[in-house]
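Here is what each chain is made of, one letter per residue.
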Amino acid sequence: MIYTTQMLKEKYSIYANPLDKIKRDASDGTIIRLTRGLYETNAHADPVFLAAPILSPSYISFDYALSYYGLIPERVVAVTSASFMQRKNKTFTNYFGRFEFSDIPADLFSEGLTIIYDGDYYGCRIATKEKAICDSLYKWPPVRSIKDLKELMFEDKRIDEEEFGTCDFDELIRLASLYRKNNLNLLIKLIRKEYINE
């Protein structure tokens with residue numbers, strides 16, 4: 001379970017110095033520090049469910065989501081999330097691993113999300129497969145042609161073409177059109193040319 005310092009101070013209010021009790025518990029591993037003022041009591045918690053509390057608002061996206069959906073073969077080493085209004089990429093490292101946050105446009109933040117759960121306590125927002133692709137293309141270096149885009153996606157980033165073919169292309173086009181970025185404009189052209197034959 002996740003606790004803030006204030007929650008722990010209230011929990012330990014019977015102690016003469018609750019802050020000392022918090023420090024002792026953090027030292028002996030009874031509670032695990034996630035970031036300043038935030039602790040987890042379950043040493044076996046899945047890191048994916050800890051990202052949003054570390055930096056909020058955020059949702060799981062980019063490489064972690066691509067891997068989650070089987071779009072890329074690699075097991076990712078960091079939990080990657082989309083954020084907004086942070087102005088720069090942020091990284092946190094703690095007992096549970098590495099957490100990376102990158103901004104997307106604020107007006108797109110609530111588009112294309114779903115929720116995953118682990119039992120009754122843990123849950124988090126994660127980009128849909130289509131949104132994770134769009135977020136990633138927004139973040140990746142710009143390309144100039146459909147040919148370059150295919151090379152970026154299927155060779156450089158190793159997106160599985162068969163898995164990509166299972167996307168909801170109407171939703172992918174809808175989302176891509178919201179980003180106003182050349183990579184996403186090219187994605188729309190690629191889909192219309194090679195996947196839905198408009």
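Residues numbered from 1 in each chain as written. Predicted model: local features only at pLDDT ≥ 70, side-chain atom pairs only at ≥ 80, totals over all residues. Heavy atoms only, no water.

Along its length, the protein carries 9 helices and 9 strands. Within the protein, buried positions represent 44% of all 198 residues. Counted over contacts in the protein with a minimum sequence separation of 6, partners at least 24 positions apart contribute 56%. Taken as a whole, the protein presents about 10,800 Å² of accessible surface, with 47% of it coming from carbon and sulfur. (Helix = DSSP H or I, 4+ residues; strand = E, 2+ residues; numbered from the N terminus. Buried < 20%, exposed > 50% of the residue type's maximum accessible area, 1.4 Å probe, protein only. Contact = heavy atoms within 4.5 Å. Areas by Shrake-Rupley, 256 points an atom, 1.4 Å probe, with all protein chains shown as cover.)

Turning to the packing of helix α6 (residues 146-156) against helix α9 (residues 182-194), a few remarks are in order. It is the contact of α6 with α9, at a shortest axis distance of 9 Å, that shows an interaxial angle of 95°. Judged by the angle between their axes, α6 and α9 are roughly perpendicular. Contacts between α6 and α9 involve Ile146, Leu149, Lys150, Leu152 and Met153 from the former and Asn183, Leu186, Leu187, Lys189, Leu190, Lys193 and Glu194 from the latter. The residue inventory of the contact of α6 with α9, partitioned by class, reads 7 nonpolar, 1 polar and 4 charged. (Axes fitted to C-alpha atoms, helices over the stretch in contact; angles between N-to-C directions. Parallel < 35°, antiparallel > 145°, perpendicular 65-115°, else oblique. Nonpolar A, V, L, I, M, F, W, Y, C, P; charged D, E, K, R; others polar.)

As a further point, take the pairing of strand β8 (residues 113-118). Sheet analysis places β8 next to strand β9 (residues 122-127), joined by 6 bridges and oriented antiparallel. Each residue of the ladder has a partner; that of Tyr117, found in β9, is Gly123. In this structure, the hairpin formed by β8 and β9 is closed by a connection of 3 residues, where Gly119 is found at a positive phi of approximately 75°. (Pairing = 2+ DSSP bridges.)

All right, on to the sheet that holds strand β1 (residues 2-4) then. On the basis of which strands lie adjacent, the open sheet formed by 3 strands has the order β1-β3-β2 and antiparallel pairing. The outermost strands of the open sheet, each flanked by one partner alone, are β1 and β2 (32-35). Across the sheet, the mean angle from the axis of one strand to that of its neighbour is 35°, orientation sign disregarded. In this sheet, strand β3 (residues 38-40) lies alongside β1 in antiparallel orientation, the contact comprising 3 bridges. Bridge pairing in β3 links Tyr3 to Tyr39.

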